[in-house]
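Chains, contacts and geometry: an overview
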Amino acid sequence: MIRLQNFHGAELAPHIDALGALRIAVFHEYPYLYVGNLENERDYLGTYVRSSGSLVVLVFDDERVVGATTCLPMTDEGPEFKAAFEQAGYDLSKICYFGESILLPEYRGRGFGKEFFVRREAHARALGKTKSTFCAVDRDGKHPLQPEGYRPLDEFWRSQGYVKHPELQATFVWKEIGEEEESPKTLTFWVKEL
């Protein structure tokens, strides 16, 4: 039986490893090509456990975590997330950062993506935020590991009211498939007025 369940702050702690394993599996796919480990995942997801303003929605199939989406006040995020907005003069206290929306392949196309946006935007509004944002990795479309028939999610994001802001970018470092060591990747933010 499939169910969606909301978690806030420390309520997420018992599910960190399941969520971390899901992130590793989904982000291994193009366009992220992430080669992750559970130790790094625990560190990253700890931000959501520590934030009293966070929301994590987990999708369960019986007791197995098969999907998730995350958000928290931008002020609770790390400096690499905040930098572009600070430099552009945004009031970070008015922004809710949307982390990942991830589903195992066999659960995609069932409307969870739209529900993820509905729940996160409702949470952001409840926190008094006036903007929501997320970022996505930049790929030029010529990557050798891009699967045939790959369609970026840009149209879906636009349909949800998000606008791509090329002037708002962040750089994150991770090891991707085929790399010996971690390397910097550029991600561009999408923003919506709530």
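This part covers the state of the cysteines. In total, this model carries zero disulfides according to the counting rule given. Just so you know, Cys135 is unpaired, no disulfide at all, and the nearest cysteine sulfur is the one on Cys96, 13 Å from it.

This part takes up the pairing of strand β5 (residues 131-137). Most of β5 sits inside the fold, with seven of its seven residues counted as buried. Every second residue of β5 is oriented toward a common face, with Lys131, Thr133, Cys135 and Val137 on one face and Ser132, Phe134 and Ala136 on the other, all of them buried. Judged from the three bridges that link them, strand β4 (residues 95-103) and β5 form a sheet pairing that is parallel. When the bridges of β5 are listed, Tyr97 appears paired with Thr133. Each parallel crossover has a hand, and for β4 linked through helix α4 (residues 112-126) to β5 it is right-handed. As paired strands, β5 and strand β7 (residues 183-193) are joined by seven bridges and run antiparallel to one another.

Taking 1.5 Å per residue, 13 residues should reach 18 Å; helix α2 (residues 38-50) reaches 18 Å between its end C-alpha atoms and fits that length. The sharpest bend along α2 reaches about 30° and sits at Tyr44. Looking only at α2, the buried set comprises Glu41, Tyr44, Leu45, Gly46, Thr47 and Tyr48. Among the structural elements, α1 (16-27), β2 (55-61), β3 (64-73), α3 (79-87) and β4 are those in contact with the buried residues of α2. Where α2 begins, the side chain of Asn37 points an oxygen toward the backbone nitrogen of Glu39, at a separation of 3.1 Å.

Parameters at a glance
Residues numbered from 1 in each chain as written. Predicted model: local features only at pLDDT ≥ 70, side-chain atom pairs only at ≥ 80, totals over all residues. Heavy atoms only, no water. Disulfide = S-S within 2.5 Å. Buried < 20%, exposed > 50% of the residue type's maximum accessible area, 1.4 Å probe, protein only. Helix = DSSP H or I, 4+ residues; strand = E, 2+ residues; numbered from the N terminus. Pairing = 2+ DSSP bridges. Right-handed = clockwise from strand over helix to strand, strands pointing away. Expected span 1.5 Å × (residues − 1). Bend = angle between axes of the 7 residues up to and from the residue. Contact = heavy atoms within 4.5 Å. Polar contact = N/O pair within 3.5 Å; in protein donor to acceptor, adjacent residues only side chain to side chain.

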